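The residues making up each chain are set out below.
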Amino acid sequence: AQKVTQAQTEISVVEKEDVTLDCVYETRDTTYYLFWYKQPPSGELVFLIRRNSFDEQNEISGRYSWNFQKSTSSFNFTITASQVVDSAVYFCALRSDNYGQNFVFGPGTRLSVLP
Amino acid sequence: DTEVTQTPKHLVMGMTNKKSLKCEQHMGHRAMYWYKQKAKKPPELMFVYSYEKLSINESVPSRFSPECPNSSLLNLHLHALQPEDSALYLCASSQGRGRSYEQYFGPGTRLTVT
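Chains are numbered independently. Their residues run from 1 in the order of the written sequence. Lettering for chains starts from A, numbering for ligands starts from 1, and both go in the order in which the items are written. Reporting in this predicted model follows two pLDDT cut-offs: at least 70 for local features of residues, and 80 or more for side-chain atom pairs to be given and counted; totals over whole chains, interfaces and linings ignore these cut-offs and use all residues. The basis for the side-chain values is all heavy atoms of the structure; hydrogens and waters are excluded.

Novice: Even after reading the chapter, I still don't get the sheet that holds strand S3 (residues 18-25) of chain B, so can you show me in this structure?
Specialist: Adjacent strands of a sheet pair through backbone hydrogen bonds, lying either parallel or antiparallel. All names here are of chain B. Criterion used throughout: strands pair if DSSP finds at least two bridges between them. By definition, any uninterrupted DSSP run of H or I lasting at least four residues is a helix, any uninterrupted run of E lasting at least two residues is a strand, and each is numbered from the N terminus. Read from one edge to the other, the open sheet built from 4 strands follows the order S1-S3-S8-S7, with strand pairing classed as antiparallel. On the outer flanks of this sheet lie strand S1 (4-7) and strand S7 (64-70), each paired with one strand and no other. Here the strands of the sheet are splayed against their neighbours by 20 degrees on average, with no regard to which way each runs. Where S3 lies against strand S8 (residues 73-79), 7 bridges are found, and the strand directions are antiparallel. Opposite Ser20, over in S8, you have His77 as the bridge partner. Only C-alpha atoms enter the line fits that serve as axes; for helices the fit covers just the stretch in contact. Angles between N-to-C directions range over 0 to 180 degrees.

So this is what it looks like as structure tokens:
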């Protein structure tokens, strides 16, 4: 079975705080891909990152960083020095061959960054 | 900036109407998708086109009819919809159908069925 869990339904932080969004996944496949998407109030899903199961290197892109740990099946996302424009719903997603190559999305985490 | 465009942005239609949603991408992608998203839920896959051929239909009711006239365009024809079909309809494209390809989404069409 394929499953993505984002335990935090909603998070509120004050601007400039750091915030970590959790993502835990389940899959029996050895080859799979993990993704993060941002959905601001405008509705469009914005692609943030893709990580394959063989690459456990953490990644940093500006204020964004991702921590992939296969041992705990987690792919967490940290925003450093949050800004109001970071307010959005963030989805973690999983894709693998044995699930028809379709996305399995987590339920999403709604992040509110207050000024 | 998104390179997947969708029209219209908003659509209100009655249950007896026929309307179409349009999606266009100019990234040379060969896979295109329709998703339905209800409020506070993740997107749900409806259809997948690969090389302009329908490859996945996720048991979507026949009142939704997809069409892919060419590699850049994707339409979703709507007929005799129900109020529960009100949702955000998202179009996406990717380089290919494989699992490694990220999908790029359009801004969506907010559909209200009255």
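Novice: Would you mind showing me how to read the pairing of strand S2 (residues 10-14) of chain A here?
Specialist: Along any regular strand, the residues point their side chains to alternate faces of the sheet. All names here are of chain A. Of the two faces of S2, only the one carrying Ile11 and Val13 is buried; Glu10, Ser12 and Val14 on the other face are not. Relative to strand S12 (residues 109-114), S2 is paired through 5 bridges, and the arrangement is parallel. Pairing of Val14 across the sheet is with Leu114, part of S12. The buried label goes to any residue with under 20% of its type's maximum accessible area, the exposed label to any with over 50%, and the partly exposed label to all in between, with areas taken from a 1.4 Å probe on protein chains only.

Novice: It is not clear to me how the environment of Tyr33(A) should be interpreted in this structure. Could you clarify?
Specialist: Tracing the chain through its elements places Tyr33(A) in strand S5 (residues 32-39). Considering only alpha carbons, one finds Tyr33(A) and Val13(A), 20 residues apart in sequence, at a separation of 29 Å.

Novice: What exactly am I supposed to notice about the state of the cysteines here?
Specialist: Two cysteine sulfur atoms form a disulfide, by the criterion used here, when they sit within 2.5 Å. By the definition in use, this model includes 2 disulfides over all chains. Two residues, Cys23(A) and Cys92(A), share a disulfide whose sulfurs are 2.0 Å apart. Of note, the bridge from Cys23(A) to Cys92(A) carries an S-S torsion of about -65 degrees and is left-handed in sense. Of this pair, Cys23(A) sits in the loop between strand S3 (19-21) and strand S4 (24-26) while Cys92(A) sits in strand S10 (residues 88-96), placing them 69 residues apart in sequence. The buried category is assigned to Cys23(A), whose relative accessible area is 0%. What pairs with Cys23(B) in a disulfide is Cys91(B), and their sulfur atoms sit 1.9 Å apart. Residues Cys23(B) and Cys91(B) are joined through a disulfide that is left-handed, its torsion about the S-S bond being -70 degrees.

Novice: Before we go on, may I ask you to explain the interface of chain A and chain B in this structure?
Specialist: Interface extent is often summarised as the accessible area lost during association of the parts. In what follows, residue pairs with any heavy atoms lying within 4.5 Å of each other are defined as contacts. Each partner contributes residues to the interface: chain A has 24 residues there, and chain B has 25 residues. Two parts placed together each lose some accessible area under a 1.4 Å probe, and the buried area is that loss summed for both. Taken together, the two surfaces of chain A and chain B that pack against each other cover about 1900 Å², and 50% of this comes from carbon and sulfur. Counting the surface chain A buries against chain B, the share from its top three residues, Glu44(A), Leu45(A) and Arg95(A), is 24%. For this document, the term salt bridge refers to a Lys or Arg side-chain nitrogen within 4 Å of an Asp or Glu carboxyl oxygen. At the boundary of chain A and chain B, one finds 1 salt bridge. The partner of Glu102(B) in a salt bridge is Arg50(A), and the shortest N-O contact between them spans 2.6 Å. Going through the elements one at a time, S5, strand S6 (46-52) and S10 of chain A are the ones with two or more residues in the side of chain A that touches chain B. Looking at which element gives the most residues to the side of chain A that touches chain B, the answer is S5(A), with 4 residues.

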